[in-house]
Amino acid sequence: MLAIESLNKNFGALQVSKDISLSVAPGQCHAVIGPNGAGKTTLIHQISGVLRQDSGRVLLGGRDVSHLSVWERVQAGLGRTFQITSVLPTFSVLENVATAVQAKTGSSMRFFTSAAGEATLNEQAQAILSRVGLSDRADRPAADLSHGELRLLEIAIALAGSPKLLLLDEPMAGLGKTESAVLIDLLNELRSSFPMLLVEHDMDAVFQLADEVSVLVDGKIVARGTPSEVRENPQARAAYLGEGA
Amino acid sequence: MMDRGALIGGMIFALLLAMPVLLPILGAGYLTGLLIKAMLLAIAAISLDLIIGHGGMVSLGHAAFIGVGAYATAIGLESGIEEILLLLVITLAVTGGIALITGMLALRTSGVYFLMITLAFGQMIYFTLTSLAAYGGDDGLTLWSLATLFGSDIVQEGEGLYFFVLAALFLSWFSVWRISQSRFGRVLRAARDNPQRAEVMGYPIVRYQLIAYVIAACIAGVSGLLLVQYAEFVSPSIAAWQRSGDLIVAVVLGGLGSRNGAILGAFFIVIMEEFLSSIFHEWRLIYGPLLVILVLYAKGGLNDLIHPKSREAS
């Protein structure tokens, strides 16, 4: 679904992405782990279109999206969540999702009929909310949600774009044990319909979710394999799992 | 649940509709002119609320579009065009065109930089108007002929003009409210709330912001057209940045992004100015602190005082 082909990126003399290649097959969850400063965020920016690569390509569902802007990549099927939760705080939970549904359902250059009254948008949004378990929160302002609920709302917003791939940027960040467990269950359930690229610090989550793990160190992928292979890989251990994980 | 925003809006318009009958009975017919002034300010404030309240784009150059509309009309009249609907088309084309070009450049920025660049464009327009020597330059231009509606002079003064301005106010109020609730308005509000998020929902947000900016400029231009018709005079001072400041005060005072706030704010300003300046020469000494108190204690603006928690943006 997603293929990254020998991506390179320099900031001046600093090489932040060195010949990165990876791919996510349908039904698969591919995790990228690595210490701080390894270039994970730069990689995410290049996939989502915030930054342009110096060389290499990003393919989404076989289509080269390397030169598309952020919103065009979303329209092409890239759904993402943010490391720091990002929702529309003054909108209701339902309207957050309905606004994302709207982007994929007909033109938004409509100026006179009420958007909140569009039953098809609301029904689709409601269905997605019940899928992530937020339907009882639908009418609350998004700003009222707890941190864990915001994480779920972000996933709902990403799902509303019927993505070909979910790019999850540290979805577990700041979550407690029980909230993490809820989210891991949800992602496990979604995995069959939505291939995922998971960038995560939380090793429990990575080992429970990922089919394949890539270890990114100093802008370079130093190890790749199943979670158990990576756990045993000496290079990965040295770079990342260092302190006896 | 009753829609109180619509109810209050309906009451405002019913009252304005009744004024030409009520005022002479009260022996206050001379206030018609004041009401027209307030309605003209309200039209411009409503348009500014589309970009500030709903779009989150704080422009300090909005009055320049009133000036552009007024000068487009005045120059049209001087050239012998008297049909008001034709002048309207000219006004919309000129203000819309200028807004499209300045907006494309201004929207490369946001926040305080957007404020500065709109101020700069506004001042450029202001100084361009002062340099129009053939049309009065600094001193402005008195118009000897006014616009007609299908050849009739009904829209030139008195009740005819009053109702024409009222109709324009109603159309602006109704359109901006409908736009704010539409699919387009929803994207605009999403981009105000969190531009990054709106973009990652798949929206090219600058395109939406630019269209809103052009629509707002066009409505402000119409306010300029009507101002010429009312004042029979045009001068660059209507495009000065202080006038843009007044518009921001009207919008914030009324309640950002609320259905009736811009009208309430504009009427409050015009009426307070008239009232305070008639009883006290140094009236600004009262007006200033009054604004401070209102902004501190009525954060949702006058609209919230009448109708708490009515912000349409939720």
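Whatever comes next refers back to the structure up there.
Values in this document were obtained by computation on a predicted structure and should not be read as measured data.

*Asks:* Explanation requested: the nonpolar core in the structure shown.
*Replies:* Note on soluble globular proteins: their nonpolar side chains tend to be buried together. Residues A:Val97, A:Leu129, A:Leu153, B:Met39, B:Leu169 and B:Ile263 are the most contacted members of the largest nonpolar core, which totals 159 residues. A domain split of this core shows at least three residues from each of domain 1 (1-77 + 163-245) and domain 2 (89-107 + 116-162) of chain A. By size, the runner-up hydrophobic cluster in this structure holds 22 residues, among which are A:Ile47, A:Leu165, A:Leu167 and A:Val199.

*Asks:* I keep staring at the packing of aromatic side chains and nothing clicks. Help me out?
*Replies:* Here a ring pair, both rings aromatic, is described through the centre-centre distance and the interplanar angle of the planes. Scanning the model with the defined rule gives 13 aromatic pairs over all chains in all. Look at B:Phe13 and B:Phe170: their rings are 5.2 Å apart centre to centre, the planes differ by 85 degrees, and that puts the pair in the edge-to-face class. Here the residue B:Phe13 occupies a position in helix α1 (residues 4-25), and B:Phe170 occupies one in helix α6 (residues 158-181), the gap between them amounting to 157 residues. According to the relative accessible area criterion, B:Phe13 is buried, its value standing at 9%. When the centroid spacing of 6.2 Å and the interplanar angle of 75 degrees are considered together, the rings of B:Phe114 and B:Tyr213 count as edge-to-face. You can see B:Phe114 sitting in helix α5 (residues 112-130) and its partner B:Tyr213 sitting in helix α9 (residues 205-231), a full 99 residues away along the chain. Taken together, the ring pairs in this structure connect B:Phe13, B:Phe170, B:Trp173, B:Phe174 and B:Trp177 into an aromatic cluster. Sitting over the face of the ring of A:Phe207, A:Arg231 holds its NZ or CZ atom 4.0 Å from the ring centroid. Lying over the aromatic face of B:Trp177, B:Arg178 brings its terminal NZ or CZ to 5.4 Å of the ring centre.

*Asks:* How should I be thinking about the sheet that holds strand β7 (residues 165-169) of chain A in this particular structure?
*Replies:* Hydrogen bonds between backbone atoms are what pair the strands of a sheet, whose relative direction is either parallel or antiparallel. All names here are of chain A. Read from one edge to the other, the open sheet built from 6 strands follows the order β6-β7-β8-β3-β9-β10, with strand pairing classed as mixed. Either end of the sheet is taken by a strand with one partner, and the two such strands are β6 (78-81) and β10 (220-225). Averaged over all neighbouring strand pairs, the angle between strand axes comes to 20 degrees, with direction disregarded. Pairing of β7 with strand β8 (residues 196-199), which is carried by 4 bridges, proceeds in the parallel orientation. Paired with Leu 167 across the two strands is Leu 197, which belongs to β8. Across the sheet, helix α5 (residues 147-160) lies against β6 and β7, angled at about 170 degrees from β6, the strand it touches most.

*Asks:* I tried to follow the packing of helix α3 (residues 63-78) of chain B against helix α4 (residues 84-106) of chain B on my own but got confused; where do I start?
*Replies:* When two helices pack together, their arrangement is given by the angle between the helix axes and the distance between those axes. Residue and element names in this part refer to chain B. Contact pair α3 / α4: the axes reach a minimum separation of 9 Å and the direction vectors enclose 140 degrees. Of the possible angle classes, the one that applies to α3 and α4 is oblique. Here α3 runs over α4; the crossing is right-handed. Facing α3, whose interface residues are Phe 65, Val 68, Gly 69, Ala 72, Thr 73, Gly 76 and Leu 77, α4 presents Leu 87, Ile 90, Thr 91, Val 94, Thr 95, Ile 98, Ala 99 and Thr 102.

*Asks:* When you look at the interface of chain B and chain A in this model, what are you seeing that I'm missing?
*Replies:* Every contact between the two is made by 29 residues of chain B and, on the other side, 35 residues of chain A. Both sides together, the interface formed by chain B and chain A hides about 3,000 Å², and carbon and sulfur atoms give 58% of it. Where chain B packs against chain A, one counts 4 salt bridges. Here B:Arg183 ties to A:Glu118 by a salt bridge, and the two come within 2.7 Å at their closest N and O atoms.

About the criteria used
Residues numbered from 1 in each chain as written. Chains lettered and ligands numbered in written order. Predicted model: local features only at pLDDT ≥ 70, side-chain atom pairs only at ≥ 80, totals over all residues. Heavy atoms only, no water. Core = buried A, V, L, I, M, F, W, Y, C linked by side-chain atoms within 4.5 Å. Buried < 20%, exposed > 50% of the residue type's maximum accessible area, 1.4 Å probe, protein only. Domains from an automatic or database assignment. Phe/Tyr/Trp six-rings, centres within 6.5 Å; stacked < 30°, edge-to-face > 60°. Helix = DSSP H or I, 4+ residues; strand = E, 2+ residues; numbered from the N terminus. Lys NZ or Arg CZ within 6 Å of the ring centre and 35° of its normal. Pairing = 2+ DSSP bridges. Axes fitted to C-alpha atoms, helices over the stretch in contact; angles between N-to-C directions. Contact = heavy atoms within 4.5 Å. Parallel < 35°, antiparallel > 145°, perpendicular 65-115°, else oblique. Left-handed = near helix turned anticlockwise from the far one by under 90°. Buried area = accessible area lost by both parts, 1.4 Å probe. Salt bridge = Lys/Arg side-chain N within 4 Å of Asp/Glu carboxyl O.

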